[in-house]
Each structure stands twice: as structure tokens, then as C-alpha cells.
Amino acid sequence: MRSKKNPKHILFFTYHLPLENEPGAFRPWMEARLLKRAGYEVTVITSGIQYMTGEDIRPYKAWCTEEVIEGIRILRTWAPKHHRRSLFRRISNYISYAILAGLASILKVPKVDRILVGTDPIFMMPIVYLVSLIKRAPMVLDERDLYPETAIALGIMKPGIFSKFLFKLQQFFRKQAIAIIAATPGIKRRLIDYGISPQKIFLLYNADVFLNNSLPSWERPLSLRKLMNREILVGYVGGLGKANDILTLLKAAKKLKDFDHIGFIIVGNGEKKEEYINFCKKNNLGNVLFLPAIPRKEARDLISQINICIQPLPNNEHFFSTLTSKTFDYLALGKPMIFCGSGDTAEILQKSGSGITVPPEDDKALAKAILMLAGNKNLRKKMSNFAQEWYKRKINLKTAQDVIKKAIEGIL
């Protein structure tokens, strides 16, 4: 038994760490909280730039700031702001974080027993491996996406000698790690295909096990129905970058613009948002409303007001293993869902009975599915019940805590 007075110290490198009052993926903060609940001392080193908004969120000006939240020590390093404006700014931001995070770990963090690291951005891994050797602390990898495969699928990187080198480098780090936490069954399957032992891989969904702490309240600061004046609201809440095919959703909205009872809500920020807004202006889509990225609790309040939720992915085999956090929010809040794609998400919808799957990048099929669900209140109610029942069966705090504890301890 580990003494509660002297818990093991975990150093957690994660590029982004959105807290409850910020927009963005909750997984890193959930993991930090799970580690703390499991009895570990936790130090997180993260970027001082909010990855969704590009704004500087350090509590004060310094190359590395420090704060303690819920007993978790958080170090935020300097990086260039507004990294989404260009590829050069994005790479500069990533490299700045990687270098300063490594420096902070040496100068500001005492002895640690384990190092947990989110494997993106890919520039981070050589630094973390070096820190692992210096501190003699075994690594645990958190594979939220596969790199460089994701960069290739998004068109950020071309397949070739450099991408092959990065893949081999990533494979080296995987073999050096004592454990790997995979975000989806698809990622786990691909890692096994790459030759990683299945006993070394632990599955931790992108599902917020602390969801009950941030469920929407009855007092709603914003009424979507009043804003849109529509009976049926179709919504998407998340990033507006290359990883989500929002254009297909907008094309479906164009096909349905003469149906006055159906409105579309798109909540989020990203490098393609301006392109999407211009598409709506060009096509006079008065049935589409854009809202900015907002903190998770407020986002979940908006989701609770939506009748049909959409998750559209690009037509690329790489995304078969995608299972986004927004999918689990939709399930938890009992929202009928239409998924554009195939793979892990389609399998969950099929098994749970909580939604419909249509082919990716097929706006005609998506519009048809929206129209069908909009006209069938009983089916939406059944899907809503099935979604919440599945979530309650599959997602809970104890299981998630056990998973991350086993990964940290390297229990095979």
C-alpha cells in the first residue's frame, strides 16, 4: 500500500489543459484529476496559450508561471499567441512549448517517479524522452491521436522520407514506454498492428467521468430557440478546423433552408470558421447560426437545448479510429446523433441505438437523415433514452481511475 503522506510524484506533459471555465478538450484535465484522486502528487507542464482561442492565459507574465488548482501544481510556459493563423506560427508555438516545458521540468520540478505525456505535438516526444533519462523516471504515453498519421490525413504533412522517420521515432518512444493509454479502440488496434504488445495498452475513452460536476443548470443564460425561432435545432459543438467536415453540414443546411422549422447551430472556433461563415453568406443561409467557443459547462447547456447533434468527419480511413469527446457529451446528455463516417463512432451508435450513420462528405444523405429525425419525435425520444443508458453502463469514475492507475504503475 502507498502511504497517503508520501504519494508518488507524476510529471504530466500536456500541450493543452483546458479547465472547466475554458473551451476545448477536457481529457488532460480529467486525467490530472484522476491521478490526484488516485493518491499521486501531480505536476502538470502545459502551454500558456489557450489552444482553442490562441490567447495568453498565464496568471502572470513570466517564461514559466505556477499555480495550484484542486491540489494539482500547474506550470504554464510562454509560447507565441494566435498559433492558428499560419503554419509557421503553429510550428513556432509547438517548438517553444516543447523546449520551455523541458527546461521547466529540469529547473522547477524535483524528483518524479513517472512521466505521463500527451504525444502531440510530435516535437514534444524527444524532449520528454531526454527528461525521462535525466530523471530516471519511466514514461507512460497518452495516445490521443496517432502521429504523424493524423498530420498526413489532415494534409499538414506529405507522406515521404520525413514522415517515415517520424513514425519510426514515435515507434521507438512507444517501445521505451512502460505503458500506453489509448483514447479509442481504433487507436489500440492500430498500435497492436504496429507491433505494440496489447498488454501494454490501456483504453481510456474521451468521456468526461466528472461530467456531473459540469452539467447544465436550469437557469440558461442563452436560449437557442429564442435566437433561432425554430422548432427543431440541429447542432455541432467543437473545433472548426480540418479534422471536422463542417462544410458537408452546411451543404445539408443549404438543402434544407426552405424548411422553416429546422435551424442549425454551430458552436466553436478554428482556422476554417471564416470560410464557413462566407459560405453561408454566399448562399443566403439564414437557417445557420454561428457561436464562438465557450467554456464546457456553457457548451453542454447549449447541447442540452439541441434536438439533433451532428459529428461530421472527413472521408479518410485514418478517421475510422476517431471517437471524439463531443460524441460522449452527446450521449451523456441524451442527444440523438447523426454521424458522418465509419469506424469506432459508428459502432457505438449501432450498439447503443442512439443515432444514425451516413457516409462521410455526403450532404444529400445527411440532409435526408436530418429531415427524417426532425419529423419523428418518438424515434428521437428512443435514441435519447438509449444514449443515456449506454453512457451510464459504460462510463464511470471508478473504472477510469483504475485504468489510469494501472497504466501509471505499469501493471500488465
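The structure this text deals with has already been given above.
We now turn to the structure provided with this report. (Residues numbered from 1 in each chain as written. Predicted model: local features only at pLDDT ≥ 70, side-chain atom pairs only at ≥ 80, totals over all residues. Heavy atoms only, no water.)

Moving on, we come to the pairing of strand E7 (residues 179-182). Here E7 shows two buried faces, one formed by Ala-179 and Ile-181 and the other by Ile-180 and Ala-182. Both strand E6 (residues 139-143) and E7 contribute to a ladder of 4 bridges, which runs parallel. Among the inter-strand pairings, Glu-143 is bridged to a residue of E7, identified as Ala-182. The parallel pair E7 and strand E8 (residues 201-203), bridged by helix H6 (residues 185-193), forms a crossover whose chirality is right-handed. (Buried < 20%, exposed > 50% of the residue type's maximum accessible area, 1.4 Å probe, protein only. Helix = DSSP H or I, 4+ residues; strand = E, 2+ residues; numbered from the N terminus. Pairing = 2+ DSSP bridges. Right-handed = clockwise from strand over helix to strand, strands pointing away.)

This part takes up the pattern of salt bridges. By the definition in use, this model includes 20 salt bridges. In this structure, Glu-31 and Arg-144 form a salt bridge, with 3.8 Å as the shortest nitrogen-oxygen distance. Placement of Glu-31 in helix H1 (residues 27-37) and of Arg-144 in the loop between E6 and helix H4 (149-153) is noted, with a sequence separation of 113 residues between them. A residue is classified by how much of its surface remains accessible, and Glu-31, at 0% relative accessible area, is buried. Each of Glu-20, Arg-33, Glu-70 and Arg-296 takes part in one network of salt bridges that share partners. (Salt bridge = Lys/Arg side-chain N within 4 Å of Asp/Glu carboxyl O.)

The relative placement of two aromatic rings is captured by the distance of their centres and the angle of their planes. According to the stated counting rule, one finds 9 aromatic pairs in the structure shown. Relative to Phe-173, the ring of Tyr-129 lies with its centre 5.7 Å away and its plane at 50°, an arrangement referred to as tilted. Of this pair, Tyr-129 sits in helix H3 (residues 124-135) while Phe-173 is found in helix H5 (residues 161-176), placing the two residues 44 residues apart along the sequence. Chaining the aromatic ring pairs together yields one cluster made of Tyr-15, Tyr-94, Tyr-97 and Phe-123. (Phe/Tyr/Trp six-rings, centres within 6.5 Å; stacked < 30°, edge-to-face > 60°.)

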